[in-house]
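The chain contents come next:
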Amino acid sequence: MLKIMQGLPDSIVGIEGSGKITKNDYIDVLEPILDEALEKEEKVSLLFYLNENYEGYTPGAVFEDTAMGVKYFNVMKRCAVVTDSPLITGAVNLFAPIIPIDFKSFKISELSKAKMWLGETPETDIEFHFDSNDNILTVTPTEALNISDFETLQTLLNQVYKETDIISGVILNTQNFPGWEDLRSMLRHFEFLKDNRYHFEKVAICTDNRFIQKALPTVIKHLEDIDAQIFKYGAIDEARNWLRNVETLDQMRAV
């Protein structure tokens, strides 16, 4: 059976499992919580605690666990699985490198450690600046992008969305795109773009990276309603003018 854990911080959703876990346990206990987060476009940190009395999954529960993981992984900020089961721990370690969320296993004796990990503020090397006057967000990555970078940026955006649902423009300023830390970071990047595409009107990319310059038209085809433009690295003022629909001096001369 599954039950909701009490006494946890509001930012953490705790589910405790014991005995035999069935398909209906997932449907009745976990699915409503994740459905609510999905509807509100919120992220949750999930603590999945299989206690000392855990006896295993029914075949239907295994299928439901997999199906729900595919459906809801993009509403999870972090997921900690606490168990002494070698089979469950092995599965977590196998899939953690390719799932685009922070996904980690802990032993039962490390339950407190798991709670602390879920409550941590992710560190990031990306610089963020949101100008509320112009409604423009400037993002400057300096190191390879990782899962924490996108979680930190998403948290910032969620605060901005409380003030305005649509951001006039986003500036990505990077001389040479630093790439991604691992496969799951790249997958999380794509999910991030997909999740936020309706909140951005324009995206200005200031870079000298030729890969980005060539790949941008293909990426934009898959992101509806976003207008994007490439500028030279460091051309922040020019990018801001374009985002604000202000003609540059050269454009006015050309007319």
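As shown above, the structure is provided for reference.
Everything numeric in this text was worked out from a predicted model, so none of it was measured.

Cut-off values and rules
- Residues numbered from 1 in each chain as written.
- Predicted model: local features only at pLDDT ≥ 70, side-chain atom pairs only at ≥ 80, totals over all residues.
- Heavy atoms only, no water.
- Helix = DSSP H or I, 4+ residues; strand = E, 2+ residues; numbered from the N terminus.
- Expected span 1.5 Å × (residues − 1).
- Buried < 20%, exposed > 50% of the residue type's maximum accessible area, 1.4 Å probe, protein only.
- Polar contact = N/O pair within 3.5 Å; in protein donor to acceptor, adjacent residues only side chain to side chain.
- Pairing = 2+ DSSP bridges.
- Axes fitted to C-alpha atoms, helices over the stretch in contact; angles between N-to-C directions.
- Contact = heavy atoms within 4.5 Å.
- Phe/Tyr/Trp six-rings, centres within 6.5 Å; stacked < 30°, edge-to-face > 60°.

Caption draft 1: Just helix α5 (residues 147-161), in detail. In this model α5 runs 21 Å from its N-terminal to its C-terminal C-alpha over 15 residues, within 8% of the 21 Å that 1.5 Å per residue would give. All buried positions along α5 are accounted for by I147, S148, D149, F150, E151, L153, Q154, L157, V160 and Y161. For α5, the side-chain oxygen to backbone nitrogen distance between the N-cap and S148 is 3.0 Å, and the N-cap itself is N146.

Caption draft 2: Highlighting the pairing of strand β3 (residues 44-57). Within β3, 11 of the 14 residues are buried, which leaves it mostly tucked inside the rest of the structure. Direction of pairing for strand β2 (residues 12-21) relative to β3: parallel, over a ladder of nine bridges. Residue pairing for β3: E16 is matched across the bridge by Y49. Across six bridges, the pairing between β3 and strand β4 (residues 76-82) is parallel. The residue bridging L46 from the neighbouring strand is C79, located in β4.

Caption draft 3: Structural detail: the sheet that holds strand β8 (residues 167-173). An order of β6-β7-β8-β9-β10 is seen for the five strands of this open sheet, with the pairing classed as mixed. The strands lining the two open edges of the sheet, one partner per strand, are β6 (127-131) and β10 (227-231). Looking at each pair of strands side by side, their axes are set apart by 15° on average, direction ignored. Two strands pair when backbone bridges link them, and strand β7 (residues 136-140) and β8 are joined in this way by four bridges, in the parallel orientation. Bridge pairing links I136 to G169 in β8. Set on the sheet, α5 makes contact with β6, β7, β8 and β9 (200-206); between it and β6 the angle comes to about 10°.

Caption draft 4: Structural detail: the packing of aromatic side chains. Scanning all chains against the criterion turns up seven aromatic pairs. The interplanar angle of 20° and the centroid separation of 6.2 Å between the aromatic rings of Y26 and F48 together place this pair among those described as stacked. Separated by 22 residues along the polypeptide, Y26 in helix α1 (residues 23-40) and F48 in strand β3 bring together distant segments of the chain. Across the pair, F48 and Y26 agree in class, each one buried. Ring geometry for Y54 against Y57: centres 5.9 Å apart, planes inclined by 70°, an arrangement best described as edge-to-face. Through a chain of ring-to-ring contacts, three or more aromatic side chains come together here, namely Y26, F48, Y54 and Y57.

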